[in-house]
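Here is what each chain is made of, one letter per residue.
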Amino acid sequence: MQKYAVAVLGASGYSGAELLRLLAGHSQLEATFLGAHDAAGSLVGEVFPHLAPFAHRRYEPLDALDLSSVQAAFLALPAGMSSTIAPRLVEGGLRVVDLAGDFRLPASAYPEWYGFSHPAPAWLDRAVYGLPELFRKEVAEASLVANPGCYPTPVLLGLAPLLSAGLVEPHAIVVDGKSGISGAGKKPTHRSHFAALDGSVQAYRVGRHQHTPEMEHGLALATGTRATVTFVPHLVPAVRGVVTTAYARLAEGSSLADLREALTQAYAGEPFVRVVPQGEVPDPKRVAGTNVCELGVGVDAHARTAVVMGALDNLGKGAAGQALQNLNLMLGLEETLGLPTVGVYP
C-alpha cells in the first residue's frame with residue numbers, strides 16, 4: 001500500500017490542527033512537514049496537547065519545506081498568503097489543497113471582497129473548486145484545489161440540485177448562517193472573548209462577507225445559473241458547527257415532494273451528505289468531529305418559499321475534512337479514507 005508524504009502549512013491554526021488529527025488516523029498519508037509562522041520552533045504538544053501522535057514534533061518555518069520531500073501539501077494559511085506560495089508548490093510537482101479563499105473567485109472580486117489584488121491571477125483558472133459531491137471528476141484530475149468555505153458548502157449542496165431542476169428561482173436568495181467561534185480562527189479578538197461571546201448571538205460583516213460571491217460563483221459553476229444571494233452570518237456561543245438556512249422563491253408548480261426528491265436523488269450513495277427525514281432538521285451537534293453535511297428542506301406555502309437547511313462541522317466538512325476528501329481524490333485514493341462519519345455526541 002503506497003504511502004504519501006504530506007506537508008501541512010499553517011499547522012498551528014485550528015484547521016491545521018484538525019488536519020493533523022485526521023492525518024493521524026489515515027492509512028496512506030503521513031504528515032512529514034508541519035509548517036507554521038509564529039509557532040515555528042515550538043513543540044506541537046505545547047500548542048495542541050490533544051495531538052499526542054505529534055506531541056514531540058516541532059513546527060518548522062514555512063520556507064523550510066523541501067519540495068522533493070513531499071508529494072502533496074495542505075495550505076491552511078491566512079487569506080492572501082496561499083496565492084504567493086501555491087504556484088511554486090504546484091510547479092514543483094505537488095498536489096495542493098488551499099483551505100483559504102485565495103483561489104475561489106475571479107481575480108476582479110478580490111479587491112472588493114478580500115481587500116487585496118490577487119498576486120497570481122493566471123492561476124485562478126487552473127484551480128478547481130473543491131466541492132467533491134458537485135465537482136468530483138474535476139477534483140480528481142486537479143493539481144490545485146480551492147477548498148470551499150464552511151458557509152458555502154451546505155448552501156451549495158442544498159441549493160444546486162434544486163436550481164438545476166428548476167424548482168426554485170435564482171434571484172433574491174437569502175441565506176442566514178450561524179457559526180461557532182473556531183471559524184474565526186485561533187487569534188483572539190474582542191469578539192471571541194468568552195465574556196463577549198457567552199449568551200450572545202451577533203451578526204457580522206453584513207453585506208460584505210467574502211462567502212457571498214463564493215456562493216454565487218459556486219452556484220454558477222454547478223448549475224450554469226446566475227444567482228443573487230444576500231448572506232448574513234452570525235456568531236453563536238459554540239466552538240464548532242455551522243448552520244445555514246437558505247430561502248428561495250419556489251418555481252411555479254414546485255412542491256415539497258419535488259424538493260425532497262431532487263435532494264435525495266442527488267446525494268443517494270454519497271458517504272458525506274445526509275438528507276434528514278421529513279420533519280427533522282439538520283443539527284451541527286450530530287456531525288461534530290465528522291466530514292458529514294446534513295441537509296433538510298421545507299416549504300413556507302404562504303410565501304411560496306423553499307427553506308433549505310444545512311449543518312456541518314466547520315472544521316470538518318467545512319475545512320480540514322473536506323480538504324482531506326479532496327486530496328484523497330487527487331491522489332487516486334479511496335475518497336473516504338481517514339474521514340469519520342459518526343459524530344461525537346452528546
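Refer to the preceding data block for the structure.
Figured I'd write up the structure that's included with this text.

Criteria and cut-off values
Residues numbered from 1 in each chain as written. Predicted model: local features only at pLDDT ≥ 70, side-chain atom pairs only at ≥ 80, totals over all residues. Heavy atoms only, no water. Pairing = 2+ DSSP bridges. Helix = DSSP H or I, 4+ residues; strand = E, 2+ residues; numbered from the N terminus. Phe/Tyr/Trp six-rings, centres within 6.5 Å; stacked < 30°, edge-to-face > 60°. Buried < 20%, exposed > 50% of the residue type's maximum accessible area, 1.4 Å probe, protein only. Lys NZ or Arg CZ within 6 Å of the ring centre and 35° of its normal. 1 Å grid on protein atoms, 1.4 Å probe; cavity = no way out; pocket = protein on both sides within 12 Å on 5 of 7 lines; lining within 4 Å. Points joined across faces, edges and corners; volume = space filled by probe spheres on them. Nonpolar A, V, L, I, M, F, W, Y, C, P; charged D, E, K, R; others polar. Axes fitted to C-alpha atoms, helices over the stretch in contact; angles between N-to-C directions. Parallel < 35°, antiparallel > 145°, perpendicular 65-115°, else oblique. Left-handed = near helix turned anticlockwise from the far one by under 90°. Contact = heavy atoms within 4.5 Å.

Spatial ordering of the open sheet is given by β3-β2-β1-β4-β5-β7-β6, a layout of 7 strands whose pairing is parallel. Either end of the sheet is taken by a strand with one partner, and the two such strands are β3 (60-61) and β6 (128-129). Where strand β5 (residues 95-98) meets strand β7 (residues 144-146), 3 bridges bridge the pair, whose relative direction is parallel. Residue pairing across strands places D98 opposite A146, the latter belonging to β7.

Applying the stated criterion across every chain, the model contains 5 aromatic pairs. Relative to F135, the ring of Y129 lies with its centre 6.2 Å away and its plane at 80°, an arrangement referred to as edge-to-face. The same class applies to Y129 and to F135, which are both buried. Grouping aromatic residues by their ring pairs yields a cluster made of Y110, Y114 and F116. In this arrangement the basic side chain of R126 is found over the ring face of W123, its NZ or CZ atom lying 3.8 Å from the centre. Here K285 stacks its cationic end above the ring of Y345, 5.6 Å away from the centre of that ring.

Moving on to empty space enclosed by the protein. A full pass over the atoms with the stated rule returns 1 cavity of 30 Å³ or more. Considered as a void within the structure, the largest cavity measures approximately 30 Å³ in volume. The wall of the largest cavity is formed by E18, R21, L22, G289, T290, N291, G316, G321, L339 and P340. Of all the secondary structure elements, the ones that give two or more residues to the lining of the largest cavity are α1 (14-23) and α10 (316-330). It is α1 that contributes the most residues to the lining of the largest cavity, 3 residues altogether. For the lining of the largest cavity, the class distribution of residues is 3 nonpolar, 5 polar and 2 charged.

At a minimum axis separation of 9 Å, helix α6 (residues 152-164) and helix α9 (residues 256-266) run at an interaxial angle of 115°. Relative to α9, the element α6 is oriented roughly perpendicular. The handedness of the crossing between α6 and α9 is right-handed. Contacts between α6 and α9 involve L157, G158, P161 and L162 from the first element and L259, A262, L263 and A266 from the second. When the residues that make up the contact of α6 with α9 are grouped by side-chain class, the tally is 7 nonpolar, 1 polar and no charged.

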